[in-house]
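Inside the fold
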2 protein chains.
Amino acid sequence: MKPRLFTPGPTTVPEETLLELARPVTYHRSAEAKAILGEVTEDLKYVFQTSQPVMTLTSSGTGGMEAAVANTLAAGEKAILLTAGRWGERWRGILKAFQANLVVVEVPYGKAVTPEMLEKALAENPDTKAVFATLSETSTGVGHDLEAFGRIVAKSPALLVVDGISGLGAMECRTDAWQLDVVVTGSQKALMLPPGLAFVSVSEKAWKKIEATPIRSFYLDLRRYKKALAESDTPFTPANTLIKAQRVSLKRIRAEGIENLWARHAKIAAACRAGVTALGLKLFAERPNNALTVITVPAGVDGSATLKKLEKQHGFKLADGQDNMKGQIWRLSHMGYTDAFEVLGAIAALELVLHESGFKLEPGAGVAAFQREYAKK
Amino acid sequence: MKPRLFTPGPTTVPEETLLELARPVTYHRSAEAKAILGEVTEDLKYVFQTSQPVMTLTSSGTGGMEAAVANTLAAGEKAILLTAGRWGERWRGILKAFQANLVVVEVPYGKAVTPEMLEKALAENPDTKAVFATLSETSTGVGHDLEAFGRIVAKSPALLVVDGISGLGAMECRTDAWQLDVVVTGSQKALMLPPGLAFVSVSEKAWKKIEATPIRSFYLDLRRYKKALAESDTPFTPANTLIKAQRVSLKRIRAEGIENLWARHAKIAAACRAGVTALGLKLFAERPNNALTVITVPAGVDGSATLKKLEKQHGFKLADGQDNMKGQIWRLSHMGYTDAFEVLGAIAALELVLHESGFKLEPGAGVAAFQREYAKK
């Protein structure tokens, strides 16, 4: 059986990137290491669509999120949290640990926070220092309208801080043009690397706030990363083999072109949604994003058992819902290196397993609908 | 030319570990992933010589050090810092960022903090909550007597918190028997992995203090790691390919046996010191440790230029002094996978380069002295 990874992080990593990871370890303070970090930083700026330096942290994505909070907010300062799922809740956990004065705009799982909700919260709280949002809410498949959020927040003194961990690279995100002040992402999603690195961009507006804020971390002090990066260096011993491998995957993204990458994700996501819908299944997200497709488990079907069968019988590893959502949804990633034919295969496998379990469907309906949508110009 | 890494982190990584890194990425919440983390944790307990769970963090060693500070100390609480070099200064930086009330016991670079100094500081500051020490001060080559420190601190209510980043595995360190309350290490030293993971052990005494201390981090909240580890899991998406590869290197350590590993490092370090001394060179550390040998650059020799020649002509990459020590010392690591014959080669290369530059020495004196010492029973 061939194992196939469709979890919304980690995602599959290109073979040439994996081979880079097997190369002998080198010193992280050499001229060669600095040249590599310099290249990676340039390529990250391209992926983020920003002219500001993008900092590389050795941590999970959550470490990057914590850096965003610890650097931009003093204890007791007001923050608006926009939450539509588990990853909005991750912001809440960090913000509470850092004693933010929280105003929460919350929508049920599956729904998206609207620009109007943000506009209202910001009008009611003119003393807000920062707004925390999620680009792709991976727990539900919802994508947020960061372009609209950016327009709204830019009119205020507040910063817009974005968890772009599973969205960046998989859906349009223009850091500078959309006026996103801090954007965090991780290596293990559309950037086609194993987990272990977080990347953080900071706007000029955000640097001003950071420099006026007492720092509450040493390891996550972004000023140290900025200073080191001015010499193409890192403040602490980084996961340098991951950085070298990130260069390889970023070259692949550069070669494809960021707009082509977004378009490819959009096309595969549209085909996947068409396939899923043609099977008689429902999409869970009211505003689905292009990083992953989240499917509502139909009545009478055991969600978790179906995923186990998919993996055991056909090698396809999709993700279950998290926490309370377990057994309620299926999450299928089409980020990064995953291509259309692999997603087509996943639809086929899902058809087979559902058909076998007695769920009413027309074999071939899903893959045909996928193909029809994908063939469109 | 064959590149040879002798920097005191990163160190060379066994081939079978590198190959593990090139394997396809898998999901980090699977039963297989949990079984791997469970094995790694057991093997880390063996390396640390502790019965307490050892937590795996995705971060640089400094992230592990910050976890130790953020979890054990409330703002304003008194801490004694024992510092003998740059890595003691790293503790100082973190402790200041976390507003510790600092009592500093400082010795010049090259010297070691003595148990008597600690005893005096602790007697004068009975309200001390924690003592911060360094096992191997990699910036100078000094090793500290943690066994004695442990005996002294155990008599007080304070915790003993140890940076074991470059020492653990390379020199005797018995976490439980020596009563070390928190021990931090990194993956890229004697544990034979690239950088990217930090490991932290916590004694029962330290857990009591942690549970009574308001947490000042979310990502580095050790209580979250402990809770997740009870189910062989991690609280945040970990660098799971590094964890899988760590398992491979830990199996190698298990097969060698921890006491044999310490003895091997001791034997190679003694031979290295004999070789260096026979060349007419001086050791920089008054209490040298077995992880690395630090050599004082002799008068009339350009320290940094010699290292460049060593690398360019013979492929040997040693480390220069850091900050103010640049050009003053050479740092040669013999940690982890590096064996006696490779260190012998480094002595030979150093002989050649020094001889060529006009430094007075008898070619062969260094390698012969190395060999004589190494051949001893």
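Residues numbered from 1 in each chain as written. Chains lettered and ligands numbered in written order. Predicted model: local features only at pLDDT ≥ 70, side-chain atom pairs only at ≥ 80, totals over all residues. Heavy atoms only, no water.

On to unusual backbone geometry, then. Residue and element names in this part refer to chain A. Note that the residue after G9, namely P10, is joined by a cis bond; omega there is -5°. Checked against the element boundaries, P10 lands in the loop between β1 (4-5) and α1 (15-21). A positive phi angle, close to 65°, is found at M192, a residue other than glycine. Inspection of the secondary structure puts M192 in the loop between β9 (182-186) and β10 (197-202). (Helix = DSSP H or I, 4+ residues; strand = E, 2+ residues; numbered from the N terminus.)

What follows deals with the pattern of salt bridges. Once the charged atoms of two side chains with opposite charge are near each other, the side chains can pair. Enumeration according to the criterion identifies 54 salt bridges over all chains in this entry. In this structure, B:K209 and B:E77 form a salt bridge, with 2.8 Å as the shortest nitrogen-oxygen distance. Placement of B:K209 in helix α7 (residues 204-211) and of B:E77 in the loop between α3 (61-72) and β3 (78-83) is noted, with a sequence separation of 132 residues between them. Per residue, the accessibility class of B:K209 equals that of B:E77, and both read buried. The closest approach of N and O atoms between B:E106 and B:R92, which form a salt bridge, is 3.2 Å. Of this pair, B:E106 sits in strand β4 (residues 101-106) while B:R92 sits in helix α4 (residues 86-97), placing them 14 residues apart in sequence. One salt-bridge network, in which partners are shared between bridges, spans A:E39, A:D43, A:R247, A:K251 and A:R254. (Salt bridge = Lys/Arg side-chain N within 4 Å of Asp/Glu carboxyl O. Buried < 20%, exposed > 50% of the residue type's maximum accessible area, 1.4 Å probe, protein only.)

If you trace the backbone, B:S201 turns up in strand β10 (residues 197-202). Once residues within four sequence positions are removed from consideration, B:S201 is found in contact with B:F48, B:T50, B:P53, B:V54, B:T175, B:D181, B:V182 and B:V183. (Contact = heavy atoms within 4.5 Å.)

Let us now look at the sheet that holds strand β2 (residues 54-58) of chain B. Residues and elements named next belong to chain B. Read across the open sheet, the seven strands follow the order β2-β10-β9-β8-β5-β3-β4; overall the sheet is mixed. Because the sheet does not close on itself, it has two edges, and the strands there are β2 and β4. Sheet twist, expressed as the average angle between the axes of neighbouring strands with direction ignored, equals 20°. For strand β5 (residues 130-134) and strand β8 (residues 159-163), the ladder comprises five bridges, and the chain directions are parallel. By the bridge assignment, A133 is partnered in β8 with V162. Relative to the sheet, helix α5 (residues 115-124) contacts β3, β4 and β5, its axis offset from that of β3 by approximately 165°. (Pairing = 2+ DSSP bridges. Axes fitted to C-alpha atoms, helices over the stretch in contact; angles between N-to-C directions.)

Turning our eyes to something else, we now look at the UniProt feature "domain: Aminotransferase class V" (unreviewed entry) in chain A. The positions UniProt marks with the feature "domain: Aminotransferase class V" (unreviewed entry) are residues 26-322 of chain A. Helix and strand shares over residues 26-322 of chain A are 43% and 18% respectively, and the end C-alpha atoms of the span are 39 Å apart. (UniProt positions renumbered as here; feature names shortened; annotations may be inferred.)

Moving on to the domain arrangement of chain A. Residues and elements named next belong to chain A. Domain annotation of chain A identifies domain 1 (4-8 + 258-375) and domain 2 (15-256). The centre of domain 1, based on its C-alpha atoms, is set 28 Å off from the matching centre of domain 2. Contacts between domain 1 and domain 2 engage 26 residues on the former and 33 residues on the latter. Summing the contributions of domain 1 and of domain 2, the shared interface buries around 2600 Å²; its carbon and sulfur component is 54%. Of all residues in domain 1, I258, W262 and R287 give up the largest surface area on contact with domain 2, accounting jointly for 27% of the area buried on that side. Counting across the interface, domain 1 meets domain 2 through five salt bridges. One salt bridge connects R86 with D323, and the closest N-O pair in it is separated by 2.8 Å. Summed over the shared surface of domain 1 and domain 2, the result is 15 residue pairs in polar contact (both at pLDDT 80 or more). (Domains from an automatic or database assignment. Buried area = accessible area lost by both parts, 1.4 Å probe. Polar contact = N/O pair within 3.5 Å; in protein donor to acceptor, adjacent residues only side chain to side chain.)

A word on the relation of the copies chain B and chain A. If you rotate chain B by 180° and push it 0.0 Å along the axis, it lands on chain A with an RMSD of 0.0 Å. What the rotation and shift describe, once combined, is the action of a two-fold rotation axis. Both copies share a contact surface, since 100% of the interface residues of chain B are interface residues in chain A too. (Least-squares fit on C-alpha atoms with pLDDT ≥ 70 in both.)

With that out of the way, let us pick up the nonpolar core. Within the largest apolar cluster, 180 residues are counted, with the highest numbers of intra-cluster contacts made by A:F132 and B:F132. Residues contacting A:F132, with those up to four places away along its chain left out, are A:V69, A:T72, A:L73, A:A79, A:I80, A:L81, A:L82, A:W91, A:L95 and A:V161. (Core = buried A, V, L, I, M, F, W, Y, C linked by side-chain atoms within 4.5 Å.)

Residues and elements named next belong to chain A. The feature "modified residue: N6-(pyridoxal phosphate)lysine" (unreviewed entry), as given by UniProt, occupies K189 in the numbering adopted here. Here K189 shows up in the loop between β9 and β10. Classification of K189 by relative accessible area gives buried; the value is 9%. In this structure K189 touches P8, G9, T11, I165, S166, M335 and G336, once residues within four positions along its chain are discounted.

Moving on to the packing of α3(B) against α4(B). All names here are of chain B. One way to put it is that α3 packs onto α4 with a least axis distance of 10 Å and a crossing angle of 50°. The angle between α3 and α4 falls in the class oblique. Read as a crossing pair, α3 and α4 show a hand that is right-handed. Listed contacts from α4 to T62, M65, E66, A68 and V69 of α3 are W87, R90, W91, I94 and L95. (Parallel < 35°, antiparallel > 145°, perpendicular 65-115°, else oblique. Left-handed = near helix turned anticlockwise from the far one by under 90°.)

The subject of this paragraph is the interface of chain B and chain A. Interface size is commonly expressed as the accessible surface area that is lost when the partners come together. Tallying the contact residues gives 47 residues for chain B and 47 residues for chain A. Carbon and sulfur atoms supply 68% of the area buried between chain B and chain A, which totals about 3500 Å² over both sides. Considering only the side of chain B, the residues that lose the most area to chain A are B:V25, B:Y27 and B:F218, jointly responsible for 18% of the buried surface there. In this assembly, chain B and chain A are joined by 10 residue pairs in polar contact (both at pLDDT 80 or more). If one sorts the elements of the side of chain B that touches chain A by residue count, α4(B) sits on top with four residues. Tallied by class, residues from the side of chain B that touches chain A come to 24 nonpolar, 17 polar and six charged. (Nonpolar A, V, L, I, M, F, W, Y, C, P; charged D, E, K, R; others polar.)

One pass over the structure, following the stated rule, counts 13 aromatic pairs over all chains. Judged by centre distance (6.1 Å) and plane angle (20°), the rings of A:F370 and A:Y374 are stacked. With A:F370 and A:Y374 both in helix α13 (residues 365-375) and four residues apart, this pair spans about one turn of that helix. Its relative accessible area of 1% is what places A:F370 among the buried residues. Aromatic side chains B:F218 and B:F236 sit 5.7 Å apart centroid to centroid with 40° between the ring planes, which places their arrangement in the tilted category. Highlighted residues: B:F218 in the loop between α7 and α8 (222-229) and B:F236 in the loop between α8 and α9 (240-256), separated in sequence by 18 residues. In this structure, B:R86 is placed above the aromatic ring of B:W87, and the distance from its NZ or CZ to the ring centre is 5.2 Å. (Phe/Tyr/Trp six-rings, centres within 6.5 Å; stacked < 30°, edge-to-face > 60°. Lys NZ or Arg CZ within 6 Å of the ring centre and 35° of its normal.)

Quick look at the packing of helix α11 (residues 303-314) of chain A against helix α12 (residues 340-356) of chain A now. Residues and elements named next belong to chain A. Two elements in contact, α11 and α12, have axes whose closest approach is 10 Å; the angle formed by their N-to-C orientations is 115°. The interaxial crossing formed by α11 with α12 has right-handed handedness. Here T306, K309, L310, Q313 and H314 of α11 lie close against α12, whose contacting residues are A349, L350, L352, V353, L354 and E356. Looking at side-chain class alone, the contact of α11 with α12 contains six nonpolar, three polar and two charged residues.

Turning next to the sheet that holds strand β15 (residues 329-333) of chain B. Residue and element names in this part refer to chain B. Strands sit in the order β11-β12-β15-β14 across an open sheet of four strands; the sheet is antiparallel. With one partner strand each, in any of the chains shown, β11 (282-283) and β14 (319-320) form the two edges of the open sheet. Pairing of β11 with strand β12 (residues 292-296) involves two bridges; the strand directions are antiparallel. Looking at the pairing, L283 lines up with I295 of β12. Contacting β11, β12 and β15, helix α10 (residues 258-278) runs over the sheet at an angle of about 15° to β12.

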